[in-house]
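So you can see what is in the structure, the chains are spelled out below.
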Amino acid sequence: MPVIKHTTYMEAPINKCFDFARDVEIHTKTTRNTNEKTVAGVTKGLLNCGESITWEATHFCVKQRLTAKIIEMNGPYKFVDVMVRGAFHSFTHTHEFEELGTGTLMKDTFEYKSPFGLVGKIADKLFLEKYMKNFIVTRANELKKIAEMGERC
């Protein structure tokens, strides 16, 4: 099971970073390259523990839907979402926040299992793990820009 880890420092308060990371409208801004939009569940505002959201996005030129649920939250330090329905066999995305100096360190840990057994494992090695790493890094960098500008949708 691939595990992608990425850390981003944001020159912004921990509360702001935590809220921005779970803000539905900000999520759509940080994933413009895949045209993500909400189609069910929470469609605006902040995601909270126990809530679900269904995203529609284009990956590999294919429109896909994915439903995720927040299963753990300890604000403003951590929240965890898991895939309930979607293209992966499963995934868990842990978002952790730590005060550091005058800003916040955001740590993403994305663990996933591809569908299709051996074929999925080959896809991971050939392209999927790199694609997912780029997705996580790009979203984190966009979130950093928004948090540091103090923007709110």
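Per chain, residues are indexed from 1 in the order of the written sequence. Local features in this predicted model are restricted to residues whose pLDDT is 70 or higher, and side-chain atom pairs enter the listing and the counts only when it is 80 or higher, whereas totals over whole chains, interfaces and linings include all residues. The basis for the side-chain values is all heavy atoms of the structure; hydrogens and waters are excluded.

S.K.: Can you tell me about the sheet that holds strand S4 (residues 62-74), naming the residues and giving the values?
M.R.: Strand pairing is defined by DSSP finding a minimum of two bridges between the two strands. Helical segments are the DSSP runs of H or I of at least four residues, strand segments are the runs of E of at least two, and each set is numbered from the N terminus. The 7 strands are arranged S1-S7-S6-S5-S4-S3-S2 in an open sheet whose pairing can be described as antiparallel. Strands with a single pairing partner mark the edges of an open sheet, and in this sheet they are strand S1 (3-10) and strand S2 (37-41). Neighbour-to-neighbour, the strand axes of the sheet open up by a mean angle of 25°, direction not taken into account. Helix H1 (residues 14-21) contacts S1, S4, strand S5 (78-85), strand S6 (90-100) and strand S7 (103-113) of the sheet and is inclined by roughly 160° relative to S6. Every residue pair with non-hydrogen atoms within 4.5 Å of one another is taken to be in contact. In this analysis an axis means a line fitted to C-alpha atoms, helices contributing only their contacting stretch, and an angle means the value between N-to-C directions, from 0 to 180 degrees. Its contacts with the sheet place helix H3 (residues 117-149) against S1, strand S3 (52-59), S6 and S7, and it is angled at close to 20° to S1.

S.K.: Mind laying out the packing of aromatic side chains, listing which residues take part and the relevant values?
M.R.: We call Phe, Tyr and Trp rings a pair once their centres come within 6.5 Å, taking the six-membered ring for Trp, and we label the pair stacked below 30 degrees between planes, edge-to-face above 60, and tilted otherwise. This structure, assessed with the given rule, holds 10 aromatic pairs. Ring geometry for phenylalanine 18 and phenylalanine 97: centres 5.5 Å apart, planes at 80°, overall edge-to-face. Of this pair, phenylalanine 18 sits in helix H1 while phenylalanine 97 sits in strand S6, and the two are 79 residues apart along the sequence. Pair check on accessibility: phenylalanine 18 and phenylalanine 97 agree, each one buried. With a centroid separation of 6.3 Å and an interplanar angle of 15°, the aromatic rings of phenylalanine 79 and phenylalanine 97 are classed as stacked. Here phenylalanine 79, found in strand S5, pairs with phenylalanine 97, found in strand S6; they are 18 residues apart in sequence, far enough to count as distant. The residues phenylalanine 79 and phenylalanine 97 share a single accessibility class, namely buried. Only protein chains enter the accessibility calculation, which uses a 1.4 Å probe. A residue is then buried if its area is under 20% of the maximum for its type, exposed if over 50%, and partly exposed in between.

S.K.: So what about the nonpolar core? Which residues, and what values?
M.R.: Note that soluble globular proteins tend to have their nonpolar side chains buried in a common cluster. Among buried residues, those of type Ala, Val, Leu, Ile, Met, Phe, Trp, Tyr and Cys that are joined through side-chain atoms within 4.5 Å constitute a nonpolar core. Grouped together as the largest cluster of nonpolar side chains are 21 residues, with contacts concentrated most on Phe97 and Leu143. Only H1, helix H2 (24-30), S3 and H3 provide two or more residues apiece to this core. Top contributing element to this core by residue count: H1, with 5 residues. In this view, phenylalanine 97 contacts Ile14, Cys17, Phe18, Ala21, Pro76, Tyr77, Lys78, Phe79, Thr104, Leu105 and Met106; residues no more than four positions away in its chain are not counted. Counting residues in each nonpolar core, the second largest holds 12 residues, with Ile4, Leu66, Leu128 and Ile136 among its members.

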